[in-house]
Amino acid sequence: GDSVTQMEGPVTLSEEAFLTINCTYTATGYPSLFWYVQYPGEGLQLLLKATKADDKGSNKGFEATYRKETTSFHLEKGSVQVSDSAVYFCARSQETSGSRLTFGEGTQLTVNP
Amino acid sequence: ETGVTQTPRHLVMGMTNKKSLKCEQHLGHNAMYWYKQSAKKPLELMFVYSLEERVENNSVPSRFSPECPNSSHLFLHLHTLQPEDSALYLCASSQDLTGSSYNSPLHFGNGTRLTVT
């Protein structure tokens, strides 16, 4: 079935460090891929998305490229800030229904000043 | 007010209590969802409503009972819960179910933190 696997957290970085959070998905169908972010005490917010192979989603300095050959959608940011501390969720659309999403377990990121 | 609003933000209830979670969306969306978020587990989709009709029920125990009186409101009625039901319950909405999730992304509320004692 559809599934998403994220790198285990928590991840702790210093301000201005480079961030990578790995995400891989099951290769069934042609899913759309997403990264959502959850700040403390809030719900999830869409961070970026990509719909087909080699598409790059980007927002707020974050980027992720849809890699069909490696079934990956890794999240990257060149220089993280304290305000980026949050939980990050990778998600794919379900094969049976494009409007439903399957989420990964989430990765907790803490950025220290 | 815009977005998806959930009340209450926090709820503590005993196993014999009956309570309800409320969700309201001001986005003009036609689809609404209940998700359960437990520590170190992926988000679990519980229920999906489209135009006030329930279209999905993912093997959720009957002690959780959803209600969608109109396209802007969604409730989750709770009774005789178990301690393992303690979690963050998230409501979400999207424009519809017919399009792809790429063009109709989910908008989440801030959740209700439920503790069952």
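Coordinates for the structure precede this section.
Reference entry: report on the structure contained in this document. Treat the numbers as computed from the prediction; the structure is a model and nothing was measured. (Residues numbered from 1 in each chain as written. Chains lettered and ligands numbered in written order. Predicted model: local features only at pLDDT ≥ 70, side-chain atom pairs only at ≥ 80, totals over all residues. Heavy atoms only, no water.)

Along its length, chain B carries 0 helices and 11 strands. The order of helices and strands in chain B, counted from the N terminus, is β-β-β-β-β-β-β-β-β-β-β. Against the globule reference of 13 Å for 117 residues, chain B gives a C-alpha radius of gyration of 14 Å, in line with a compact fold. For chain B, the C-alpha atoms occupy an extent of roughly 40 × 30 × 25 Å along the three principal directions. Looking at chain B as a whole, 48% of its 117 residues qualify as buried. Here chain B holds 10 positive side-chain charges and 10 negative ones, and the gap between their average locations is 11 Å. (Helix = DSSP H or I, 4+ residues; strand = E, 2+ residues; numbered from the N terminus. Rg over C-alpha atoms; globule rule 2.2 N^0.38 Å. Buried < 20%, exposed > 50% of the residue type's maximum accessible area, 1.4 Å probe, protein only. Lys, Arg positive; Asp, Glu negative; His and termini not counted. Charge placed at Lys NZ, Arg CZ, Asp CG, Glu CD.)

Here we come to the environment of L19 of chain A. Residue and element names in this part refer to chain A. With respect to the secondary-structure elements, L19 resides in strand β3 (residues 19-21). Spatially, the C-alpha atom of L19 lies 6.8 Å from that of V80, the residues being 61 residues apart in sequence. Once you skip the residues sitting within four places of it in the chain, L19 turns out to touch L13, F62, L75, E76, K77, V80 and L109. (Contact = heavy atoms within 4.5 Å.)

Residues and elements named next belong to chain A. As for its position among the elements, Q45 is in strand β6 (residues 44-50). For the pair Q45 and T5, spaced 40 residues apart in sequence, the C-alpha to C-alpha distance is 19 Å. The contact partners of Q45, leaving out residues within four places of it in the chain, are W35, Y36, V37, Y39 and K60. Among the polar contacts listed, one links the side chain of Q45 to the side chain of E42, at a separation of 3.1 Å. (Polar contact = N/O pair within 3.5 Å; in protein donor to acceptor, adjacent residues only side chain to side chain.)

A word on the interface of chain A and chain B. On the chain B side, the residues contacting the 21 residues of chain A number 25 residues. Surface buried jointly by chain A and chain B totals about 1,800 Å² across both partners, of which 55% is contributed by carbon and sulfur atoms. In this assembly, chain A and chain B are joined by 0 salt bridges. Between the two partners, chain A and chain B, sit 5 residue pairs in polar contact (both at pLDDT 80 or more). When residues of the side of chain A that touches chain B are traced back to their parent elements, those giving at least two are β5 (33-38), β6, β10 (86-93) and β11 (101-103) of chain A. The leading source of residues in the side of chain A that touches chain B is β6 of chain A, at 4 residues. Of the residues that constitute the side of chain A that touches chain B, the class distribution is 8 nonpolar, 9 polar and 4 charged. (Buried area = accessible area lost by both parts, 1.4 Å probe. Salt bridge = Lys/Arg side-chain N within 4 Å of Asp/Glu carboxyl O. Nonpolar A, V, L, I, M, F, W, Y, C, P; charged D, E, K, R; others polar.)

Our next topic: the state of the cysteines. All names here are of chain A. Under the definition given, this model contains 2 disulfides over all chains. Across a sulfur-sulfur distance of 1.9 Å, C23 and C90 are joined as a disulfide pair. One quick way to see it: the torsion about the S-S bond of C23 and C90 is about -70 degrees, and its sign makes the bridge left-handed. With a gap of 67 residues between them, C23 in strand β4 (residues 23-25) and C90 in strand β10 connect regions that are remote in the sequence. For C23, a relative accessible area of 1% puts it in the buried group. (Disulfide = S-S within 2.5 Å.)

Quick look at the sheet that holds strand β7 (residues 64-70) of chain B now. All names here are of chain B. Sheet architecture is open: 4 strands sit in the order β1-β3-β8-β7, paired in antiparallel fashion. Looking along the sheet, the strands with just one partner apiece sit at the ends: β1 (4-7) and β7. When strand polarity is set aside, the average angle formed by the axes of neighbouring strands in this sheet is 20 degrees. In the sheet, strand β3 (residues 18-25) pairs with strand β8 (residues 73-79) via 7 bridges, with the strands oriented antiparallel. In the sheet register, K19 faces β8, and the bridge partner there is L78. (Pairing = 2+ DSSP bridges. Axes fitted to C-alpha atoms, helices over the stretch in contact; angles between N-to-C directions.)

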